[in-house]
Amino acid sequence: MSQAITFSEYGAPEVLKLTEVTPPEPGPGQVRIRVRAASVNPLDVKIRSGLMAKAVPAHFPVMPGLDAAGVVDAVGDGAGVAVGDEVLGGTVGGGYGEYALLERPIAKPAAVSWEVAASLVTVGRTAVRVLDELGVRQGQTLLVHGAGGSVGTIAVQVAAARGVSVLATAGDHDLERLTALGAAAVRYGDGWLQRVRAAAPQGVDHVFDASGAGVLAGSVTLTGDTAHVITIADMTAAQHGVRFSSGNASQAGDSLPQLVQLAADGRLTLPVWRTYPLADAAHAHADLEARRNRGKAVLLP
């Protein structure tokens, strides 16, 4: 038996309980890892609270967790890795435990910490997926709303690495960091549209909204075309004729190896705000719900 965080009903963070479970067995193409780090994502919070009950119905008990990194403990047929390898990837059946299953695992470079390795998966794939859906090209100008968050931070860096001119809206505490990452950073909130226009007199070709802060109408005005705006956070997207991107992370294809290599080379950074022991998963969820975090929250089983 091993320990894992599970919940058996929707509700507040307190429904997350440390429980005894049987370690999962890997199927074809899967590996079981001894988890060293598991990322806490906003989607985990939404699933636990019941906000995603229609889209992602729960079969209780549920072990949350989309991403994890650790040491391979057992392998299924055709997994392509060996026991003892250090890997990261998307989980099958949850990652908040001492053991987890990964599908299509990626080798973890020594230069990438366990915390960052676990944190890159979902947010990185989401960022790359939306950039590809927008069709942003070298020499164009991209505006990223909510660039201080994990998805936005990665989108800024990947776009800059592709030769895109990047503008970023964020809070005052993130402006200096985003500027260092290659963006022209402007303060979000009232007056953002005027500040963006002043920072990009050449105009804006595409907008990636990771904030959900009611910026879609202004973003369409900036680009002049609803097809050039995508949001991952604003549920009113359809009212503005804007695409809401919520594709499965696996649809990003082979973006994860690229992201891991960028991180290993020091060309992609992802702030880890705080780490928690496994038993404090409810605390981590409460911090995300209260928006106290300034970077990724990570469980360390």
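Everything below is about the structure shown above.
Residues numbered from 1 in each chain as written. Predicted model: local features only at pLDDT ≥ 70, side-chain atom pairs only at ≥ 80, totals over all residues. Heavy atoms only, no water.

Undergrad: Please clarify how the pairing of strand 3 (residues 30-40) should be interpreted in this entry.
TA: Within a regular strand, side chains alternate between the sheet's two faces. Of all the 11 residues making up strand 3, 9 are buried; the element is thus mostly covered by neighbouring parts of the structure. Pairing of strand 3 with strand 6 (residues 99-107), which is carried by 5 bridges, proceeds in the antiparallel orientation. Looking at the pairing, Arg34 lines up with Tyr99 of strand 6. Pairing of strand 3 with strand 4 (residues 67-75), which is carried by 7 bridges, proceeds in the antiparallel orientation. In the strand pairing of strand 4, Ala37 is matched with Ala69. (Buried < 20%, exposed > 50% of the residue type's maximum accessible area, 1.4 Å probe, protein only. Helix = DSSP H or I, 4+ residues; strand = E, 2+ residues; numbered from the N terminus. Pairing = 2+ DSSP bridges.)

Undergrad: Is there a simple way to think about the packing of aromatic side chains in this case?
TA: This model, assessed by the stated rule, comprises 2 aromatic pairs. Arranged with centres 5.9 Å apart and planes meeting at 70°, the rings of Phe7 and Phe60 form a pair that is edge-to-face. With a gap of 53 residues between them, Phe7 in the loop between strand 1 (2-6) and strand 2 (17-21) and Phe60 in the loop between helix 1 (42-49) and strand 4 connect regions that are remote in the sequence. Residue Phe60 is classed as partly exposed on the basis of its relative accessible area of 38%. Considering the side-chain rings of Tyr10 and Phe60, the 5.2 Å spacing of their centres and the 70° angle between planes classify their relative orientation as edge-to-face. Of the two residues, Tyr10 is situated in the loop between strand 1 and strand 2 and Phe60 in the loop between helix 1 and strand 4; the sequence distance between them amounts to 50 residues. Here Tyr10 falls in the partly exposed class, since its relative accessible area comes to 29%. These aromatic residues form a ring-pair network of at least three members: Phe7, Tyr10 and Phe60. Of note, Arg34 hangs over the ring of Tyr99, and the distance from its end group to the ring centre comes to 5.2 Å. (Phe/Tyr/Trp six-rings, centres within 6.5 Å; stacked < 30°, edge-to-face > 60°. Lys NZ or Arg CZ within 6 Å of the ring centre and 35° of its normal.)

Undergrad: Which parts of the structure should I look at to understand helix 2 (residues 114-134)?
TA: When the terminal C-alpha atoms of helix 2 are compared, their 31 Å separation across 21 residues agrees well with the 30 Å that a helix rising 1.5 Å per residue should span. The sharpest bend along helix 2 reaches about 45° and sits at Leu120. Across the 21 residues of helix 2, 18 count as buried, placing the element largely inside the fold. Looking one or two residues beyond helix 2, the residue adopting positive phi is Gly135, at roughly 70°. (Expected span 1.5 Å × (residues − 1). Bend = angle between axes of the 7 residues up to and from the residue.)

Undergrad: In this structure, what is going on with the side chain of Asp209? I would like to understand it.
TA: Inspection of the secondary structure assignment puts Asp209 in strand 10 (residues 206-209). Despite its burial, Asp209 pairs with no opposite charge; the closest candidate is Arg291, at 11 Å N-O. A polar contact is formed between the side chain of Asp209 and the side chain of Thr231, at a distance of 2.8 Å. Beyond its immediate stretch of four places on either side in the chain, Asp209 contacts His145, Val215, Leu216, Ile230, Thr231, Ile232, Ala233 and Asp234. (Lys, Arg positive; Asp, Glu negative; His and termini not counted. Salt bridge = Lys/Arg side-chain N within 4 Å of Asp/Glu carboxyl O. Polar contact = N/O pair within 3.5 Å; in protein donor to acceptor, adjacent residues only side chain to side chain. Contact = heavy atoms within 4.5 Å.)

Nothing here speaks to function; it is geometry throughout.
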